[in-house]
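Tertiary structure, described
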Amino acid sequence: MRFFRYGCKRINVLLPVYLAITMSPLLFLSIESAKSLISGSIGDLSGLVLSYRRLILLGESIVLALSVSLAGMVFGTMGGLFLWKYEKGVLKYLRWLVMLFILIPPYIHAQSWILAIDRLNPLVTAIGLPAMDFNGYIPSWLVQLMSFLPISTGLALAGLKTVDPDTVDASILDTSLGKAFIRIVLPQAASHIFAGGSLLFILSLSDYSIPSLFRVNVFSLDIFAEYSSSGDFTGPFLLSVPYLAVTFLLLSAIYPHLAKLEWNGSSGKRAGMSLVFRKDTPVIVSIVMFLGMGVLLVQIFVPIINLIIETGSLKTFMTVVAQSRNEIYNSLSVSFFAALICMPISIAAASGIASNGMGKLKWLFVSLPLVMPASLMGIGAAAAWNRPVLSALYGSAAIVVVVAAARFAPFSAVIMYSGIKSIEPALTDVTRIYGKSLLDSWVRARLPLMLPSLLASFFIVFALTAGELGATLIVSPPGKSTLTLKIYNYLHYGATDVVSSLCLFVTILLLLSGTLAAAALSFSSKLRNL
Amino acid sequence: MKRVVSILALIFVIFTFFSLTACSPAKNRQVVVYTSVDQVFSEPLLKQFEKDTGIKVLPLYDTEATKTTGLANRIVAEKSNPRADVFWNGEFTQTIMLKEKGLLKAYNSPRAKELPPNFVDSEGYWTAFGGRARVFIINTDMLSKEEYPQSLFDMVDDRYQGSDIGLSYPVFGTSATHSAALYSFLGNEKALDFFNKIKKKGIQIVDGNSVVRDLVADGKLKFGITDTDDALSAVKKGKPVEVVIPDQGENGQGTLIIPNTVAVISGCPNPDEAKVFIDYILSAETEQYLVDAGWIDIPSRQSVKGGFYSEFKKIKGMEIDFNKVYLEMKASTKDMQEIFVR
């Protein structure tokens, strides 16, 4: 921890900036709600009671979220096994492709699956089977699973990479490969797999857009309906407190596991998959991993193929993109600055966590903004930041940057934390002693050592901001529409070719930026190992 | 410490860049318009307004993702420091909600005299114009003319299967306004009974009026109830659909006509430009433009020619009081949540 004592603590000056950006919406909503409750200005509280209907709705929403979460853990582990085994050769690039699809927004998956089923139905009816009715619980579950699967796969893979190959090899002397897999491999990877499942649970529970598209009612839709009809956020905010509390508890449980992730590829500490396992993989495990990879490929290619078909022609694509250049510029600039701002403030937050004392409490503070659904974050930000003294900020695209930072800086912080922890303290000590100045020490040692984390943070925040909708549409300034807002506007008009073209553009943009980041990560990893 | 200052300076430069970018138009005359009217219809008109008046428009459009209530709720969230000058709404209940919350400023536009008396708020806080209607969109491949529904209550008639009929969530948008209007017109008991029957019949509750349109146009539903602009967009695309206006007989109750509303925001930054904009938007020329564009289907002036279906000018509307419909909104939405969001 010498690193923090001598270097990072200086940057802790930015910790209040991190807290101001990420916590102000939640803080403001809490204060306003408490004031309304005390003054009695909320009025009729009967609408906020957790009635039998709401309890059932909450129960059903939890069942949906649990089923998405469980399936995500199962298929994520299955796919993760494949990626774990094939970490060399051409197949190693598959892991990047899978990881990049973390960034494709759920609405693109939903649009693609609806188109795919529409396209399949004539074939189904031609062979005498009834057309598929793509509505209800199963399609909702499927599309949410497809949208979130790369997250659980990535975490399962990270967990599998923590398995000690020597222990596995030793155990094989006494038992079969299959039993070794169940008794040694899975338990060692379990905490990461569970973290992935928990994240999927939270994402599914807070999402009403996909379930309502497939005619499934969920608790978050009811909260939104309450808010829409009243125009008042305090009541719906209070109604969502139990949900926020559950989410918060889950997050605080999984965040330490997320912090163990390594963003710099192979750290050299692990030997990878057990050699015995690699050469003589049990048949059942092989079947499972190929099945998992098959699901991942479906998850990747259904959106790509359908969007290409629906776009129609290159001319349509180019025309639509040309007509959307303002939105593209706005999306790119907002995403760029959000990613940039998140880096210094997240280093501050991460170094704050890494310093001694109150470890768990600090994790809670850092992860707290993640419990806020996007629309609540937007409303909280509008109410908190819209002050005459801050007119220049609120009236400009900077507010979209601030809100994106508020939503995604916790992700960035966990990445930075992992980066800081992976740095050998002796290296920074040497540069501190022999470096000309603190700046010299930063430029020559700390930043290069943290480069993988910086790049990962930049790329992830950039991509998440590019796809952000819920909070952006509440704070976006007039005349500064983003690409995602435009896609949602055109969804309403039934302009499938325009929507598909723009979705395809977003996909290409995210894949390109992800590929660049992956290449940079790989390059920096090689440099570190020299 | 110098390094920290450098980092803070960098952040300051970034924010300054954004602020300058956004603030530069303030040197000219401008008006900030929040509109829930679909962007394809409102955007060309706003550009024309800029050309005609030299006042720059900074528009903010609503999206289907917020069930077209996002802007009204945003105005509420921004009440301590209003950013919008004008709220141009595609319906009326959200506008009245803003009035009730004290967020509108009275303005009696000279153009308001050309409009029906019930289209102008008695205290001058909002003015209505033009309108869309709630209509049936019918798949002509799946229903013959004799089978077309003629009344809203045909939705619960035994002639039709519930799974063949579509209705968007009656807790959002114009579908919610329609349920509140039925509460106002029929009385709470009758209206509640009607919606309970809809639930019992298993009518498809879908995610928006445009989804009703698409499902009928694609042959997945035989018919559904939606807004005229949605229905007509499918007709214009040559889909196998037809539009039927419900309850038009001599004893029919008429269908719900939903006018646009426009209002000045209290404490807005550009009140003079807001008034110019409202006068412009309430003109007969603008109404004719919006009719021709396909947003307004039922003009509020005799002098404005009808649009795609000229007979729409003669539509029989439900006799409702907009304020009373608003007052029913809370009760009806609560009931609709109880019935349909479960």
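Residues numbered from 1 in each chain as written. Chains lettered and ligands numbered in written order. Predicted model: local features only at pLDDT ≥ 70, side-chain atom pairs only at ≥ 80, totals over all residues. Heavy atoms only, no water.

We now examine the overall build of chain B. A count of helices and strands for chain B gives eleven helices and ten strands. In terms of C-alpha radius of gyration, chain B reaches 22 Å, essentially the compact-globule figure of 20 Å for 342 residues. The principal-axis extent of the C-alpha atoms belonging to chain B is close to 75 × 50 × 40 Å. Burial statistics for chain B: of 342 residues in total, 61% are counted as buried. (Helix = DSSP H or I, 4+ residues; strand = E, 2+ residues; numbered from the N terminus. Rg over C-alpha atoms; globule rule 2.2 N^0.38 Å. Buried < 20%, exposed > 50% of the residue type's maximum accessible area, 1.4 Å probe, protein only.)

Next up on the list: the overall build of chain A. Secondary structure assignment for chain A yields 25 helices and zero strands. Counting the 530 residues in chain A, one finds 59% classified as buried. Long-range pairs, those at least 24 residues apart, make up 84% of the contacts in chain A between residues at least 6 apart in sequence. Surface accessibility of chain A: about 21,000 Å² in total, with carbon and sulfur atoms responsible for 70%. (Contact = heavy atoms within 4.5 Å. Areas by Shrake-Rupley, 256 points an atom, 1.4 Å probe, with all protein chains shown as cover.)

Moving on: the pattern of salt bridges. Proximity of charged atoms lets side chains of opposite charge pair with each other. This structure, assessed with the given rule, holds 27 salt bridges over all chains. The residue Arg301(B) makes a salt bridge to Glu114(B) at a minimum N-O spacing of 2.9 Å. Placement of Arg301(B) in the loop between α10 (284-293) and α11 (322-340) and of Glu114(B) in the loop between β4 (104-105) and β5 (127-139) is noted, with a sequence separation of 187 residues between them. A residue is classified by how much of its surface remains accessible, and Glu114(B), at 38% relative accessible area, is partly exposed. A salt bridge links Asp214(B) to Arg213(B), with the shortest nitrogen-to-oxygen separation between them at 2.9 Å. Overall, the relative accessible area of 29% leaves Asp214(B) in the partly exposed class. Looking at Arg213(B), the relative accessible area reads 4%, which means it is buried. Salt bridges linked by common partners bring Arg53(A), Arg54(A), Asp222(A), Glu338(B) and Arg342(B) together as one network. (Salt bridge = Lys/Arg side-chain N within 4 Å of Asp/Glu carboxyl O.)

Residue and element names in this part refer to chain B. A cluster of basic residues, Lys79, Lys101, Lys330 and Lys334, forms a positive patch at the surface. Among the structural elements, Lys79 can be located in the loop between α3 (70-77) and β3 (86-89). Taking the relative accessible area as the measure of exposure, Lys79 reaches 54% and is therefore exposed. (Patch = residues over 30% accessible without salt bridge, like charges linked within 9 Å, V, L, I, M, F, W, Y side chains within 5 Å. Lys, Arg positive; Asp, Glu negative; His and termini not counted. Charge placed at Lys NZ, Arg CZ, Asp CG, Glu CD.)

Residue and element names in this part refer to chain A. On the surface, a nonpolar cluster with roughly 330 Å² of combined accessible area is contributed by Leu297, Phe301, Ile305 and Ile309. Considering the arrangement of structural elements, one finds Ile305 in helix α14 (residues 283-311). Judged by its relative accessible area of 45%, Ile305 falls in the partly exposed class.

Below, the discussion takes up the pairing of β5(B). Residue and element names in this part refer to chain B. For β5, a buried count of 13 out of 13 residues is recorded, marking the element as mostly surrounded by other parts of the structure. In terms of strand pairing, β5 meets strand β10 (residues 257-265) through five bridges, oriented antiparallel. In the strand pairing of β10, Ala133 is matched with Ile257. Pairing of β5 with strand β9 (residues 241-244) involves four bridges; the strand directions are antiparallel. Bridging from a neighbouring strand, Phe136 pairs with Val244 of β9. (Pairing = 2+ DSSP bridges.)

Membership of the largest hydrophobic core comes to 252 residues, with the highest contact counts inside it found for Trp88(B), Phe129(B), Met155(B), Phe195(B), Ile198(B) and Phe277(B). Looking at this core, the element that brings in the most residues is helix α20 (residues 398-422) of chain A, giving 17 residues. Setting aside anything within four residues of it in sequence, one finds Phe129(B) in contact with Trp88(B), Leu115(B), Phe119(B), Pro259(B), Asn260(B), Val262(B), Ile281(B), Leu282(B), Leu290(B), Ile296(B) and Ser300(B). Membership of the second largest hydrophobic core comes to 21 residues, among which are Leu221(B), Ile257(B), Phe312(B) and Ile315(B). (Core = buried A, V, L, I, M, F, W, Y, C linked by side-chain atoms within 4.5 Å.)

What follows deals with the packing of helix α2 (residues 39-53) of chain B against α10(B). All names here are of chain B. Relative orientation of the contacting elements α2 and α10 amounts to 145 degrees, with a least axis distance of 10 Å. Helix-helix and strand crossings are classified by hand; for α2 and α10 the assignment is right-handed. For the pair formed by α2 and α10, the contact residues are Phe41, Pro44 and Leu45 on the first element and Thr286, Tyr289, Leu290 and Ala293 on the second. (Axes fitted to C-alpha atoms, helices over the stretch in contact; angles between N-to-C directions. Left-handed = near helix turned anticlockwise from the far one by under 90°.)

Backbone geometry at Arg215(A) places phi at a positive 60 degrees, although glycine is not the residue there. Positionally, Arg215(A) belongs in the loop between α9 (209-213) and α10 (219-230). The backbone of Asp247(B) sits at a positive phi, close to 60 degrees, despite the residue not being glycine. Secondary-structure assignment places Asp247(B) in the loop between β9 and β10. Classification of Asp247(B) as buried rests on a relative accessible area of 8%.

All names here are of chain B. The interhelical angle for the contact between α3 and helix α4 (residues 93-100), taken along N-to-C directions, is 10 degrees, at an axis separation of 10 Å. Taken together, the axes of α3 and α4 are roughly parallel relative to one another. Between α3 and α4, the residues in contact are Ala72, Asn73, Ile75 and Val76 and Gln94, Met97 and Leu98, respectively. A per-class count over the contact of α3 with α4 returns five nonpolar, two polar and no charged. (Parallel < 35°, antiparallel > 145°, perpendicular 65-115°, else oblique. Nonpolar A, V, L, I, M, F, W, Y, C, P; charged D, E, K, R; others polar.)

This brings us to the confidence of the model for chain A. On average, residues of chain A score 80 in pLDDT, and 85% of them are at 70 or above. Confidence drops under a pLDDT of 50 for residues 264-271 of chain A, and excluding neighbours within four residues, the segment shows eleven contacts in the predicted structure. (pLDDT = per-residue confidence, 0-100.)

To continue, consider the packing of aromatic side chains. Counted under the stated rule, the structure contains 21 aromatic pairs over all chains. Among the aromatic residues, those joined into a ring-pair cluster are Phe336(A), Phe337(A), Phe458(A) and Phe462(A). (Phe/Tyr/Trp six-rings, centres within 6.5 Å; stacked < 30°, edge-to-face > 60°.)

Our next topic: helix α16 (residues 325-354) of chain A. Residue and element names in this part refer to chain A. With 30 residues, α16 ought to run about 44 Å at 1.5 Å a step, and its terminal C-alpha atoms sit 43 Å apart, in line with that. In α16, a bend of some 30 degrees at Met343 exceeds every other bend along the element, and Pro344, a proline, comes one to four places later. Counting buried residues in α16 gives 24 out of 30 residues, a clear majority hidden from the surface. (Expected span 1.5 Å × (residues − 1). Bend = angle between axes of the 7 residues up to and from the residue.)

Further remarks concern the confidence of the model for chain B. In this model, chain B carries an average pLDDT of 89, and 90% of its residues clear a pLDDT of 70 or more. For this predicted complex, the interface score ipTM comes out at 0.76, while the overall pTM is 0.80.

All names here are of chain A. Turning to its location among the elements, Ser331 is positioned in helix α16. For Ser331, a relative accessible area of 7% corresponds to the buried category. Separated by 134 residues in sequence, Ser331 and Thr465 have C-alpha atoms that sit 8.0 Å apart. Once residues within four sequence positions are removed from consideration, Ser331 is found in contact with Thr482 and Leu483.

Looking now at helix α8 (residues 228-236) of chain B. Summarising burial for α8(B): seven of the nine residues are buried, a large majority. Every buried residue of α8(B) is listed here: Thr228(B), Asp229(B), Asp230(B), Ala231(B), Leu232(B), Ala234(B) and Val235(B).

Residues and elements named next belong to chain B. Position of Ser36 relative to the elements: it lies in the loop between β1 (30-35) and α2. When its relative accessible area of 8% is taken as the criterion, Ser36 is described as buried. At 2.9 Å, the side chain of Ser36 and the backbone nitrogen of Gly90 are in polar contact. (Polar contact = N/O pair within 3.5 Å; in protein donor to acceptor, adjacent residues only side chain to side chain.)

The next point concerns the environment of Phe134(A). All names here are of chain A. One can find Phe134 in the loop between α5 (106-126) and α6 (137-160). For the pair Phe134 and Trp113, spaced 21 residues apart in sequence, the C-alpha separation works out to 9.0 Å. Among residues more than four places away in sequence, those in contact with Phe134 are Trp113, Ile114, Ile117, Pro139, Leu142, Val143 and Phe214.

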